[in-house]
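Chain and residue survey
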Amino acid sequence: MNQLQQNKSTIIRFFECFSNDANLEFEENWIHKDVQFILSFAHVDGLTQVRNLIQKERSVFENLKYTIIDSGLVLEEFSGAAFWLMTGKQVVSWNGIPATCNEINVSGASLFSFDVDGKIKEIRIQIDLLSLMSQINGITKLYNF
Amino acid sequence: MNRIEKNTETVRQFLEVVWSSGDLKLAEEILAPDLQFILAFAHLDGRDAFMELVVKNRTIFENLTYAVAAGDIVAEEMKAAAFWQMSAKHIGTWRNVPASDKNVGIFGMSFFRFNEEGKINEIRVQNDVMSLMNQIGGIKKLYDF
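This structure is a prediction, so every number in the text was calculated from the model and none was measured.

1. Details of the overall build of chain A
Each helix and strand counted, chain A has three helices and seven strands in total. Counting from the amino terminus, helix and strand elements in chain A follow one another as α-β-β-α-β-β-β-β-α-β. Here the C-alpha atoms of chain A give a radius of gyration of 16 Å, agreeing with the 15 Å that 2.2 N^0.38 yields for 145 residues. In terms of overall dimensions, chain A has C-alpha extents of about 50 × 30 × 25 Å along its principal axes. A fraction of 58% describes how many contacts in chain A between residues 6 or more apart in sequence connect residues 24 or more apart. Summing over all exposed atoms, chain A offers an accessible surface of approximately 6,700 Å²; the carbon and sulfur share of this is 46%.

Right, dumping it as structure tokens:
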């Protein structure tokens, strides 16, 4: 397996961790212990905290699933990008917003950086938070857009 | 310059020259006539429609600037992705939200497909519209998040 194939496999493996039935005991041989996970509304520092975040998301969104869109992976030796859809059902309070039991469907994208050993060292995420917040009634639009 | 290096440069020019300078001549050189420009809230069909958007947005957002860091473009032979930062001053009505005269800034990611000639024929944008709407007063948060 060359480096690009390994990066592809690692990115797919990462998204599979969000599924409820996935084993979260992922080893430090494919994700760096000091990994930085950067969202627009949160910055998670280190593997332990990333694992905690995934566990929390899995409890908030029932049947949570990330699906990489058709050919939505772009790969280089030390970086990769993925465009994806997130689906689930919000069954627990999230960011102060009470459970709606609404099914959610949100698009997003992630930029992965890899170290020389092929481990993920940084993930930056762009998610359609406006759509998500609209779907779980977290915001009011003040204009017709 | 090989195909991947050329695609990387094309993406950089698209963000930093076409958007930031409004260089429509360059847009004609690097964009295919049948370009599909896909946002979460709009789908523009054709290069001409996209160029109209560039002109329009540059009147609504003063000093509209897109910046991309050197390592934040990932490219293959037929596709690419970029993580970018946009900054501007909101001086005109955008999506029915009146001018706020606020300096705004958001991050986003774009996914690019290229045709056989090396021109961009599809762009999918994932940007932080939630943050932008919050900065210009287009939404009200219903919870403390």
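The structure having been displayed, the exposition proceeds.
2. A word on the pattern of salt bridges
All chains considered together, the criterion is met by eight salt bridges over all chains. Between A:D34 and A:K33 there is a salt bridge whose closest N-O contact spans 3.4 Å. Two residues, B:R113 and B:E122, come together in a salt bridge whose shortest N-O distance is 3.4 Å. Residue B:E122 is classed as buried on the basis of its relative accessible area, which comes to 13%.

3. Topic: the packing of aromatic side chains
Within this structure, the stated rule accounts for 22 aromatic pairs over all chains. Geometrically, the ring pair formed by B:W19 and B:F37 is tilted, given 6.5 Å between the ring centres and 50° between the ring planes. Pair noted here: B:W19 is in helix α1 (residues 3-21) and B:F37 is in strand β1 (residues 31-38), with a separation of 18 residues, a long-range link. Comparing B:W19 with B:F37, the two get one shared label, buried. Aromatic ring contacts, followed pair by pair, group A:F14, A:F15, A:F18, A:F37, A:Y66, A:W84 and A:F112 into a single cluster. The lysine or arginine in question, A:R124, covers the ring of B:F83, its NZ or CZ lying 4.5 Å from the ring centre.

4. Let's talk about the packing of α1(B) against helix α3 (residues 47-60) of chain B
All names here are of chain B. Interaxial distance between α1 and α3 falls to 9 Å at its minimum, and their mutual angle equals 65°. When α1 is examined against α3, the residues F14, V18, W19, S20 and S21 are found in contact with a partner set consisting of F50, L53, V54, N57 and R58. Each residue belonging to the contact of α1 with α3 can be placed in one class, and the counts come to six nonpolar, three polar and one charged.

5. Concerning unusual backbone geometry
Excluding glycine, a negative phi dihedral is what most residues carry, and trans is how most peptide bonds are arranged. A positive phi angle, close to 60°, is found at A:C101, a residue other than glycine. Here A:C101 lies in the loop between β4 (79-90) and β5 (103-114). Judged by relative accessible area, which is 46%, A:C101 ranks as partly exposed. Of note in the backbone geometry, B:R95 takes a positive phi value of approximately 50° without being a glycine. Locating B:R95 in the fold gives a position in the loop between β5 (79-90) and β6 (103-114).

6. Brief notes about helix α2 (residues 47-60) of chain A
Residue and element names in this part refer to chain A. Between the first and last C-alpha of α2 there are 20 Å, a value that for 14 residues agrees with the 20 Å anticipated at 1.5 Å per step. Every buried residue of α2 is accounted for by L47, V50, R51, L53, I54, E57, R58 and V60. On its buried side, α2 packs onto α1 (3-16), β1 (31-38), β2 (43-45), β3 (61-75) and β4.

7. Structural notes on the nonpolar core
Grouped together as the largest cluster of nonpolar side chains are 86 residues, with contacts concentrated most on A:F14, A:F37, B:F14, B:F37 and B:F50. Look past the residues within four positions of A:F14 in its chain and what remains in contact with it is A:W30, A:I31, A:F37, A:V50, A:I54, A:F112, A:I120 and A:I123.

8. Remarks on the sheet that holds β4(A)
All names here are of chain A. An order of β2-β1-β6-β5-β4-β3 is seen for the six strands of this open sheet, with the pairing classed as mixed. If you trace the sheet from one side to the other, it starts and ends with β2 and β3, each paired once. Going across the sheet, the axis of each strand differs from the next one's by a mean of 25°, ignoring polarity. Note that β4 and β5 share 11 bridges and pair antiparallel. Within the sheet, the bridge partner assigned to A81 lies in β5 and is L111. The strands that α1 touches are β1, β3, β4, β5 and β6 (120-127); relative to β3, the one it contacts most, it runs at about 160°. This element, α2, spans β1, β2, β3 and β4 of the sheet and lies at about 120° to β3.

9. Things to note about the side chain of A:Q90
Residue placement: A:Q90 occurs in strand β4. Not counting chain neighbours up to four residues away, the residues in contact with A:Q90 comprise A:V60, A:F61, A:I97, A:P98, A:A99, A:T100, A:C101, A:N102 and A:I136.

10. Structural notes on α3(B)
Relative to the 20 Å expected for 14 residues at 1.5 Å per residue, α3(B) spans 20 Å between its end C-alpha atoms, a close match to the ideal helical length. Restricting attention to buried positions, one finds in α3(B) the residues B:R47, B:F50, B:M51, B:L53, B:V54, B:N57 and B:I60.

Conventions adopted
- Residues numbered from 1 in each chain as written.
- Chains lettered and ligands numbered in written order.
- Predicted model: local features only at pLDDT ≥ 70, side-chain atom pairs only at ≥ 80, totals over all residues.
- Heavy atoms only, no water.
- Helix = DSSP H or I, 4+ residues; strand = E, 2+ residues; numbered from the N terminus.
- Rg over C-alpha atoms; globule rule 2.2 N^0.38 Å.
- Contact = heavy atoms within 4.5 Å.
- Areas by Shrake-Rupley, 256 points an atom, 1.4 Å probe, with all protein chains shown as cover.
- Salt bridge = Lys/Arg side-chain N within 4 Å of Asp/Glu carboxyl O.
- Buried < 20%, exposed > 50% of the residue type's maximum accessible area, 1.4 Å probe, protein only.
- Phe/Tyr/Trp six-rings, centres within 6.5 Å; stacked < 30°, edge-to-face > 60°.
- Lys NZ or Arg CZ within 6 Å of the ring centre and 35° of its normal.
- Axes fitted to C-alpha atoms, helices over the stretch in contact; angles between N-to-C directions.
- Nonpolar A, V, L, I, M, F, W, Y, C, P; charged D, E, K, R; others polar.
- Expected span 1.5 Å × (residues − 1).
- Core = buried A, V, L, I, M, F, W, Y, C linked by side-chain atoms within 4.5 Å.
- Pairing = 2+ DSSP bridges.

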